[in-house]
Structure formats: C-alpha cells, structure tokens
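# Coordinate analysis (summary)
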Amino acid sequence: MKKIIVLCALVLSFSCVPLFSENSSKTSGFAFGARFSTLGVEPTVSILMNKMEIEASCAATRYGNDWSEASFSVVPGVSLGYTPSSFSSGWKNSVGAAYNWFMPSFFKYTPNFSGVGFAQLQSGGAHIFSLYYRGGLKFGIFELYGRIIVPIAMYAPGVSGNQFLTIIDVDGVTSSVAFCMQTCSFGVRFAL
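Calculation rules
Residues numbered from 1 in each chain as written. Predicted model: local features only at pLDDT ≥ 70, side-chain atom pairs only at ≥ 80, totals over all residues. Heavy atoms only, no water. Helix = DSSP H or I, 4+ residues; strand = E, 2+ residues; numbered from the N terminus. Contact = heavy atoms within 4.5 Å. Areas by Shrake-Rupley, 256 points an atom, 1.4 Å probe, with all protein chains shown as cover. Phe/Tyr/Trp six-rings, centres within 6.5 Å; stacked < 30°, edge-to-face > 60°. Lys NZ or Arg CZ within 6 Å of the ring centre and 35° of its normal. Patch = residues over 30% accessible without salt bridge, like charges linked within 9 Å, V, L, I, M, F, W, Y side chains within 5 Å. Salt bridge = Lys/Arg side-chain N within 4 Å of Asp/Glu carboxyl O. Core = buried A, V, L, I, M, F, W, Y, C linked by side-chain atoms within 4.5 Å. Buried < 20%, exposed > 50% of the residue type's maximum accessible area, 1.4 Å probe, protein only. pLDDT = per-residue confidence, 0-100. Lys, Arg positive; Asp, Glu negative; His and termini not counted. Polar contact = N/O pair within 3.5 Å; in protein donor to acceptor, adjacent residues only side chain to side chain.

## Thoughts on the overall build of the chain
Each helix and strand counted, the chain has two helices and nine strands in total. Sequence-ordered secondary structure for the chain, helices as α and strands as β, is α-β-β-β-β-β-β-β-β-α-β. Pairs at least 24 apart in sequence give 58% of the contacts found in the chain among residues at least 6 apart. For the chain, the accessible surface area stands at approximately 10400 Å², while carbon and sulfur atoms represent 72% of it.

Have a look at this one:
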C-alpha cells in the first residue's frame, strides 16, 4: 500500500508541472550546457530560432586501465530539432534528427557486442544517423533533461562487405541497440 501511495504522489506531482509553466515572448537565442552518458562528458551549444533548434556537441571519452596507457577519443555530433516554447518554464519536449561521428579511436577499447563487430570499425569509424527525444524540466534559464537517440542508419567505411546498415537489417538492429545504450544521457543547459 505504501508503494502505491508513493507512486500516486509522484504521478500527481509530475502532472502538476504544466501549472507552473510560464510563457515567454522571446523567440530566438542560444543555449549551452553539458550531457553525461557512458561516452563521457558532452559539451553542447545550441542556436534557438522560433521552434527550431540546431545543436552542436562533442563527447570526450578516455579509455584505458591507467593514465599512462590512456587513449582519448571524441564523438562530434550535430542535431536539428523541433522545440516548442524554448524559453518558457515548465516541462519541455523536443524531437529531431541527429548525426554523430564515432571516430575510429573510439572503438579501440569498446567490447564487441554489436552485429557489425566493433573491432571492424577501428579502421574507419562509424557515421550514425538517428532520431532523438529530449524531455526535461526548465526553471527560468536552467533546464535539467534526459535524452535518448534511436539510430536508424549507420555508414561504416572501414567494414568489409555491407558498409551501410539500417535499423531494419539484422546487424543494423543490434548495432542500433548498442549505440542507443551508449548515448542515453542526462544533461543540464542554460538558455539565454
């Protein structure tokens, strides 16, 4: 019974979030922040225009057992999304398309659990095209959010055989799940 009461209280508190939202007449600006995922820290910069958002990001990742053998890699990306009422407070939803380049150095220490085999991606890396959803709570200029991407296509120039995979291919589904798990993130940002 105690769990049911706690669950009801959580649902009620999240359903009241729109009551505290504020409308803003501002229609353009920029935002900066950072996301945190298994890729590491990912600084972000966004340009907000009306209900559209263009975001650039670059995750920085360190691999290796100790600092003397450390290997660094970056995962640059860009996304274009639809974000209604970017500058008002309250719950925010955003959807869009994203592109990420997983550099060849990223796959040096990555376990081989996808259909393509990450060891094959060490020579050319992977270009990931995906859809994303971001949802979060905004207070004034501060926003706390979660983001998930669903990779729909991947181009891997270093792979022998089929270099272009989609989510409807058998190998594409397993690769999509692997990249989706690695890029789920939580972040903070400031919209000015």
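Here the narrative resumes.
## What about the packing of aromatic side chains?
This model, assessed by the stated rule, comprises four aromatic pairs. With a centroid separation of 5.5 Å and 50 degrees between ring planes, the pair formed by Phe 142 and Phe 190 is classed as tilted. In this pair, Phe 142 is assigned in strand E7 (residues 142-155) and Phe 190 in strand E9 (residues 185-191), connecting sequence segments 48 residues apart. Taken together through their ring pairs, the aromatic side chains of Phe 32, Phe 142 and Phe 190 make up a single cluster. Across the ring face of Tyr 145, the terminal group of Arg 134 is positioned such that the distance to the ring centre comes to 5.5 Å.

## So, a nonpolar patch on the surface
Residues Ile 47, Met 49, Met 52, Ile 54, Val 78, Leu 80, Tyr 82, Trp 91, Val 95, Tyr 133 and Ile 148 make up a contiguous nonpolar surface patch of about 960 Å² in total accessible area. Taken together, the elements giving at least two residues each to the nonpolar patch come down to strand E2 (40-49), strand E3 (52-63), strand E4 (71-82) and strand E5 (90-102). Looking at which element gives the most residues to the nonpolar patch, the answer is E4, with three residues. Relative to the elements of secondary structure, Trp 91 occurs in strand E5.

## With respect to the nonpolar core
Listed in full, the 12 residues of the largest apolar core are Leu 39, Ala 59, Val 75, Phe 102, Phe 106, Phe 107, Ala 126, Ile 128, Met 154, Ala 156, Leu 165 and Phe 179. Apart from the residues lying within four places of it in its own chain, the contact partners of Leu 39 are Ala 59, Ala 60, Thr 61, Phe 102, Phe 106, Gln 182 and Thr 183.

## What about the environment of Phe 190?
For Phe 190, a relative accessible area of 29% translates into the label partly exposed. In this structure the C-alpha to C-alpha distance between Phe 190 and Phe 30, which are 160 residues apart in sequence, comes to 8.5 Å. Setting aside anything within four residues of it in sequence, one finds Phe 190 in contact with Phe 30, Ala 31, Phe 32, Ile 141 and Phe 142.

## Quick word on the side chain of Thr 44
For Thr 44, the location among the structural elements is in strand E2. In this view, Thr 44 contacts Ala 31, Phe 32, Gly 33, Ala 34, Arg 35, Glu 55, Ala 56 and Ser 57; residues no more than four positions away in its chain are not counted.

## Observations regarding the environment of Ala 153
Structurally, Ala 153 is set in strand E7. On the basis of relative accessibility, which here comes to 13%, the residue Ala 153 falls in the buried class. Separated by 20 residues in the primary sequence, Ala 153 and Val 173 place their C-alpha atoms 9.5 Å from one another.

## Some words on the confidence of the model for the chain
Across the chain, the average pLDDT comes to 80, with 73% of residues at 70 or higher. For the chain, per-element mean pLDDT is lowest for helix H1 (residues 2-15), which scores 52, and highest for E9, which scores 94. Below pLDDT 50 for its whole length, residues 14-22 participates in seven contacts with residues either more than four positions away or in separate chains.

## Concerning the side chain of Lys 92
Its place among the elements puts Lys 92 in strand E5. Summary of buried charges: Lys 92 has no salt-bridge partner, and the nearest side chain of opposite charge, Glu 143, is 7.5 Å away. Polar contacts involving the side chain of Lys 92 include one to the side chain of Ser 88, which spans 2.8 Å. Aside from chain neighbours lying at most four places away, what touches Lys 92 is Pro 84, Ser 85, Arg 134, Gly 135, Gly 136, Lys 138 and Glu 143.

## Overview of unusual backbone geometry
In this structure, Asn 50 is a non-glycine residue whose phi angle is positive, near 50 degrees. Mapped onto the elements of the fold, Asn 50 is located in the loop between E2 and E3. For Asn 50, a relative accessible area of 55% puts it in the exposed group.

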